[in-house]
Amino acid sequence: MRELLGEIGERLKFIEERLRQYDLRIQRLFRQDERCGRLAEVEGVGPLIATALVAAVGNAREFKSRRELAAYLGLVPRHRASGGRTVLLGISKRGNPYVCRLLIHGARSCMIHLDRSRDRMGVWLDALDGRMHRNKAIVALANKIARIAWVLLRRPQTLYERIAPAHA
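Numbers given to residues run from 1 along each chain, matching the order in which its sequence is written. The predicted origin of the model limits local features to residues at a pLDDT of at least 70 and limits the giving and counting of side-chain atom pairs to 80 or more, whereas totals for whole chains, interfaces and linings rest on all residues. Hydrogens and water molecules were not included; the side-chain quantities draw on all heavy atoms of the structure.

Trainee: Quick question: what am I supposed to make of the environment of arginine 67 here?
Mentor: Tracing the backbone shows arginine 67 in helix H4 (residues 66-73). When the C-alpha positions of arginine 67 and tryptophan 150 are compared, they lie 9.1 Å apart, and in sequence the two are 83 residues distant. We call two residues in contact whenever any of their non-hydrogen atoms come within 4.5 Å of each other. With sequence-adjacent residues up to four places away left out, arginine 67 is seen in contact with Val76, Pro77 and Arg147. Secondary structure is summarised from DSSP: a helix means a run of H or I of at least four residues, a strand means a run of E of at least two, and numbering begins at the N terminus for each.

Okay, here's the thing in structure tokens:
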């Protein structure tokens, strides 16, 4: 049993070292690409999400609108329309599930840690939190982050300011 546990411990050390190397590689890519730096200014976006977004969509020139990017990532609701009446359903299972999952986790972190009195998204988040379930609000925030990312990737001269101009 000791021999088996020792072998498992060595494998665990090897895997942890590989993970550390991958983390360092992601950090290096993040520092080298200026698009990642601009994306990281958005609350809820860190090095992992920024590099994944840049890898998945590049400069976002393929997408005509912000909604197209959000749909590509799988962050927009499915809808059914009949007789002039549109019904919005849950988010689709289509899109890029890895980047979608990362954006949702980033949005969840943002919901918890964002200083809503100082951030420009604070008022919007408070209103959203009051009228819908927390998980729906998190997906809506992830959708908003993806749409902001479209603007930042598509227009290189654009910068995102977290603090609302009234508080600056």
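Now, onward.
Trainee: I would appreciate a short explanation of the packing of H4 against helix H7 (residues 134-154) in the present structure.
Mentor: Each pair of packed helices can be summarised by the angle the axes make with each other and by the distance between the axes. Where H4 contacts H7, the axes come no closer than 8 Å and their chain directions differ by 125 degrees. When the interaxial angle is binned, H4 and H7 end up oblique. As for how H4 packs across H7, the hand of that crossing is right-handed. Listed contacts from H7 to Arg66, Arg67, Leu69, Ala70 and Leu73 of H4 are Asn143, Ala146, Arg147, Trp150 and Val151. Residues of the contact of H4 with H7, tallied by class, amount to six nonpolar, one polar and three charged. A fitted line through C-alpha atoms serves as each axis, taken over the contacting stretch for helices, and the angle formed by two N-to-C directions is quoted from 0 to 180°. Here the word oblique covers every angle except those under 35 degrees (roughly parallel), over 145 (roughly antiparallel) and from 65 to 115 (roughly perpendicular). Handedness of a crossing is defined here by the sense of rotation of the near helix relative to the far one, left-handed for an anticlockwise turn of less than a right angle and right-handed for a clockwise turn. Under this grouping Gly is polar, as are all residues other than the nonpolar Ala, Val, Leu, Ile, Met, Phe, Trp, Tyr, Cys and Pro and the charged Asp, Glu, Lys and Arg.

Trainee: Any chance you could explain the side chain of threonine 51 here in plain terms?
Mentor: Note on placement: threonine 51 falls in helix H3 (residues 47-57). Leave out the neighbours within four places in its chain, and threonine 51 touches Ile26, Leu29, Phe30 and Cys36.

Trainee: Is there a simple way to explain unusual backbone geometry in this structure?
Mentor: Peptide bonds are, in most cases, trans, and in most cases residues other than glycine have a negative phi. With a phi close to 65 degrees, alanine 60 is a non-glycine residue in the positive phi region. Looking at the element boundaries, alanine 60 is found in the loop between H3 and H4.

Trainee: Please explain the pattern of salt bridges as it appears in this structure.
Mentor: Pairs may arise between side chains of opposite charge once their charged atoms sit close together. Salt bridges are identified by distance alone: a Lys or Arg side-chain nitrogen within 4 Å of an Asp or Glu carboxyl oxygen. Inspection of the entire model under this criterion finds five salt bridges. Where aspartate 33 meets arginine 35, a salt bridge forms, and the shortest distance between an N and an O atom there is 2.8 Å. With a 1.4 Å probe rolled over the protein chains alone, any residue whose accessible area is under 20% of its type maximum counts as buried; one over 50% counts as exposed, and the rest are partly exposed. Taking relative accessible area as the criterion, arginine 35 reaches 23% and is therefore assigned partly exposed.

Trainee: What is the right way to read a nonpolar patch on the surface from this model?
Mentor: A cluster of nonpolar side chains, namely Met1, Leu4, Leu5 and Ile8, defines an oily patch on the protein surface of about 450 Å² accessible area. Here leucine 5 lies in helix H1 (residues 2-32). To count toward a patch, a residue needs a relative accessible area over 30% and no salt bridge; like charges are then connected within 9 Å, while nonpolar side chains (Val, Leu, Ile, Met, Phe, Trp, Tyr) are connected within 5 Å. To be clear on the numbers: accessible area is Shrake-Rupley with a 1.4 Å probe, and residue cover counts the displayed protein chains and nothing else.

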